There are 2 protein chains.
Amino acid sequence: MADAKVLSKEPLPEDQAKWIKLTKINYRDPKGVQRVWESAERSTRPKGGEIDGVGMIAILDKPSGKEIVLLKQYRPPIDMITIEVPAGLVDDGETAEQAAIRELREETGFVGAVAECTPVMYNDPGFCNTNLRMVHLTVDMDLPENQNPKPKLEEGEFAEVFTVKVADLWEECHKLERQGFAIDARVGSFAEGIWYAQKLKL
Amino acid sequence: MADAKVLSKEPLPEDQAKWIKLTKINYRDPKGVQRVWESAERSTRPKGGEIDGVGMIAILDKPSGKEIVLLKQYRPPIDMITIEVPAGLVDDGETAEQAAIRELREETGFVGAVAECTPVMYNDPGFCNTNLRMVHLTVDMDLPENQNPKPKLEEGEFAEVFTVKVADLWEECHKLERQGFAIDARVGSFAEGIWYAQKLKL
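Residues numbered from 1 in each chain as written. Chains lettered and ligands numbered in written order. Predicted model: local features only at pLDDT ≥ 70, side-chain atom pairs only at ≥ 80, totals over all residues. Heavy atoms only, no water.

**A closer look at the overall build of chain A**
Part 1 of the argument: Along its length, chain A carries 3 helices and 12 strands.
Part 2 of the argument: Its C-alpha atoms give chain A principal-axis dimensions of roughly 60 × 45 × 40 Å.
Part 3 of the argument: Relative to its full complement of 202 residues, chain A shows a buried share of 53%.
Part 4 of the argument: Element-wise, carbon and sulfur atoms account for 47% of the exposed surface of chain A, whose accessible area totals about 9,000 Å².
Part 5 of the argument: Chain A carries 26 positive and 35 negative side-chain charges, and their two centres are separated by 4 Å. (Helix = DSSP H or I, 4+ residues; strand = E, 2+ residues; numbered from the N terminus. Buried < 20%, exposed > 50% of the residue type's maximum accessible area, 1.4 Å probe, protein only. Areas by Shrake-Rupley, 256 points an atom, 1.4 Å probe, with all protein chains shown as cover. Lys, Arg positive; Asp, Glu negative; His and termini not counted. Charge placed at Lys NZ, Arg CZ, Asp CG, Glu CD.)

Printed below as a string of structure tokens:
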């Protein structure tokens with residue numbers, strides 16, 4: 001994965017963009033003044049769909065402690081290998097829970113059962129409209145499928161699956177950053193919350 | 001704030017966009033195959049700068065428990081009022097910590113002291129290159145400035161400051177979503193981590 005790299009970058013004209021687009025929003029502000037805002041959007045959200053995608057907190061319940069499933073993945077927009085939770089776009093007609101089970105299996109090979117689903121979360125609502133739900137999945141290590149999981153990645157997808165003890169996730173994020181990996185915000189903020197609750201004994 | 005609303009949306013041609021842009025990235029994938037990726041970017045990142053912005057976990061230490069400072073803010077890209085942490089773009093030559101202290105004061109009126117700074121976190125690295133550091137700030141309630149804080153918002157900025165007990169943040173996110181607010185991912189994932197650590201007694 002270390003061989004992956006950006007070769008060149010150029011402006012992307014609107015009529016050539018397939019996956020994403022820029023939108024000019026004319027809006028009325030809270031004082032009644034008409035203003036303009038610039039926004040980026042995905043072109044792929046299912047029609048009438050509420051969310052673009054899902055992220056999964058997939059937990060292996062091991063005798064030595066709970067472990068979270070993470071991916072190392074090369075991401076061209078930042079030209080780095082990221083540390084991410086498994087995630088994916090929702091297909092037409094799919095619920096968040098269905099997409100989570102499908103994507104976890106495709107990306108990691110693990111078969112999970114839904115434990116919890118978060119509110120819709122907006123990734124960067126001053127910049128774009130992209131959003132997701134986080135779905136918590138438990139991975140039963142007694143199931144034969146989970147003992148030797150085999151990802152089924154699509155053409156052009158590359159991801160390396162690994163696991164980290166949930167209780168050490170924050171420390172591990174710092175360590176991975178020092179090793180040159182980029183920390184995805186879902187992983188980082190979840191770890192930050194765990195660390196903060198541990199520190200304050202909440 | 002409830003009067004704010006999107007009036008119309010239209011495609012934004014590249015040559016009219018001031019704040020954001022689309023980029024076509026030619027890259028070599030981990031197997032050596034040349035591919036194209038579409039990415040959205042902010043045009044405002046300081047030259048040579050590492051991050052676009054900062055988000056602040058600003059904590060009031062009250063006798064009744066620690067409270068986190070949050071904002072209600074209308075966001076045109078999603079046409080909703082969001083629940084966000086105070087946040088802002090980094091100015092030229094500013095460190096994350098300096099930007100955090102300045103933005104907290106501007107957006108909320110509170111004077112904070114830096115307690116912790118997170119790794120760089122990437123908001124949505126399959127879609128865009130935007131990133132931030134989260135800076136934890138403690139707000140000393142004995143300081144006269146913090147007893148009657150006065151935000152200094154810029155023209156066109158509107159934000160309503162409120163606080164929530166940190167230990168109740170997850171429950172509060174669910175409640176706010178039921179009331180029609182949009183949960184920003186930094187608030188939601190931080191709350192999710194706290195809730196998860198509390199549940200598991202990590």
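**Focus on the relation of the copies chain A and chain B**
Part 1 of the argument: Screw-axis analysis of chain A against chain B gives a translation of 0.0 Å along the axis, an RMSD of 0.0 Å, and a rotation angle of 180°. Taken together, the rotation and translation describe the operation of a two-fold axis. Within chain A, the C-alpha atom positioned nearest to the axis of rotation is that of Gly193 of chain A, 2.0 Å from it.
Part 2 of the argument: Taken together, the interface assignments show that 100% of the residues at the interface of chain A recur at the interface of chain B, consistent with an identical surface on both copies. (Least-squares fit on C-alpha atoms with pLDDT ≥ 70 in both. Contact = heavy atoms within 4.5 Å.)

**Considerations on the nonpolar core**
Part 1 of the argument: Core analysis: the largest hydrophobic core is formed by 64 residues, its most contacted members being Ile68 and Leu70 of chain A together with Ile68 and Leu70 of chain B.
Part 2 of the argument: Residues contacting Leu70 of chain B, with those up to four places away along its chain left out, are Ile83, Glu84, Val85, Glu160, Val161, Phe162, Val164, Leu169 and Val187 of chain B.
Part 3 of the argument: Counting residues in hydrophobic clusters, the runner-up holds 20 residues, among them Met56, Ala99 and Leu137 of chain A together with Ile78 of chain B. (Core = buried A, V, L, I, M, F, W, Y, C linked by side-chain atoms within 4.5 Å.)

**Details of the side chain of Asn123 of chain B**
Part 1 of the argument: Assignment of secondary structure puts Asn123 of chain B in the loop between strand S9 (121–122) and strand S10 (131–139).
Part 2 of the argument: We classify Asn123 of chain B as buried; its relative accessible area is 5%.
Part 3 of the argument: Here the side chain of Asn123 of chain B touches Thr130 of chain B through a polar contact of 2.8 Å, side chain to side chain.
Part 4 of the argument: A distance of 2.8 Å separates polar atoms of two side chains, one belonging to Asn123 of chain B and the other to Arg186 of chain B.
Part 5 of the argument: Sequence-distant contacts of Asn123 of chain B, that is, excluding residues within four places in its chain, are made with Asn123, Asp124, Ala185 and Arg186 of chain A together with Thr130, Asn131, Leu132 and Arg186 of chain B. (Polar contact = N/O pair within 3.5 Å; in protein donor to acceptor, adjacent residues only side chain to side chain.)

**Regarding the packing of aromatic side chains**
Part 1 of the argument: Under the defined criterion, the tally for this structure stands at 10 aromatic pairs over all chains.
Part 2 of the argument: An angle of 55° between the planes, with centres 5.6 Å apart, marks the rings of Tyr196 of chain A and Phe190 of chain B as tilted. Separated into two different chains, Tyr196 of chain A in helix H3 (residues 185–200) and Phe190 of chain B in helix H3 (residues 185–200) make up a pair that spans both.
Part 3 of the argument: A residue is classified by how much of its surface remains accessible, and Tyr196 of chain A, at 4% relative accessible area, is buried.
Part 4 of the argument: In this structure an aromatic cluster arises from ring pairing among Trp170, Trp195 and Tyr196 of chain A together with Phe190 of chain B.
Part 5 of the argument: When the ring centre of Phe162 of chain A is taken as reference, the NZ or CZ atom of Lys72 of chain A above it lies at 5.0 Å. (Phe/Tyr/Trp six-rings, centres within 6.5 Å; stacked < 30°, edge-to-face > 60°. Lys NZ or Arg CZ within 6 Å of the ring centre and 35° of its normal.)

**Comments concerning the sheet that holds strand S2 (residues 20–28) of chain A**
Two strands in a sheet stick together by hydrogen bonds in their backbones, pointing the same way (parallel) or opposite ways (antiparallel).
Part 1 of the argument: Strand order in this open sheet of 3 strands is S3(A)-S2(A)-S1(B), and the pairing throughout is antiparallel. In this open sheet, the two edge strands, each paired with only one partner strand, are strand S3 (34–42) of chain A together with strand S1 (5–11) of chain B. In this sheet, adjacent strand axes meet at a mean angle of 30° when their direction is disregarded.
Part 2 of the argument: Across 6 bridges, the pairing between S2 of chain A and S1 of chain B is antiparallel. For Lys24 of chain A, the partnering residue across the bridge sits in S1 of chain B and is Glu10 of chain B. (Pairing = 2+ DSSP bridges. Axes fitted to C-alpha atoms, helices over the stretch in contact; angles between N-to-C directions.)

**Some points on helix H1 (residues 96–108) of chain A**
Residues and elements named next belong to chain A.
Part 1 of the argument: Taking 1.5 Å of rise per residue, 13 residues should cover 18 Å, and H1 covers 18 Å from first to last C-alpha, within 8% of that figure.
Part 2 of the argument: Residues of H1 that are buried in the fold lie against strand S4 (53–62), strand S5 (65–75), strand S7 (87–89), strand S8 (112–117), strand S10 (131–139) and strand S11 (160–165).
Part 3 of the argument: Downstream of H1 by a residue or two, Gly109 has a phi angle that is positive, lying close to 85°. (Expected span 1.5 Å × (residues − 1).)

**Side note on the UniProt feature "domain: Nudix hydrolase" (unreviewed entry) in chain A**
Part 1 of the argument: This chain's UniProt record puts "domain: Nudix hydrolase" (unreviewed entry) on residues 49–186 of chain A.
Part 2 of the argument: Along residues 49–186 of chain A the backbone is 18% helical and 40% strand, and the end-to-end C-alpha distance reaches 22 Å. (UniProt positions renumbered as here; feature names shortened; annotations may be inferred.)

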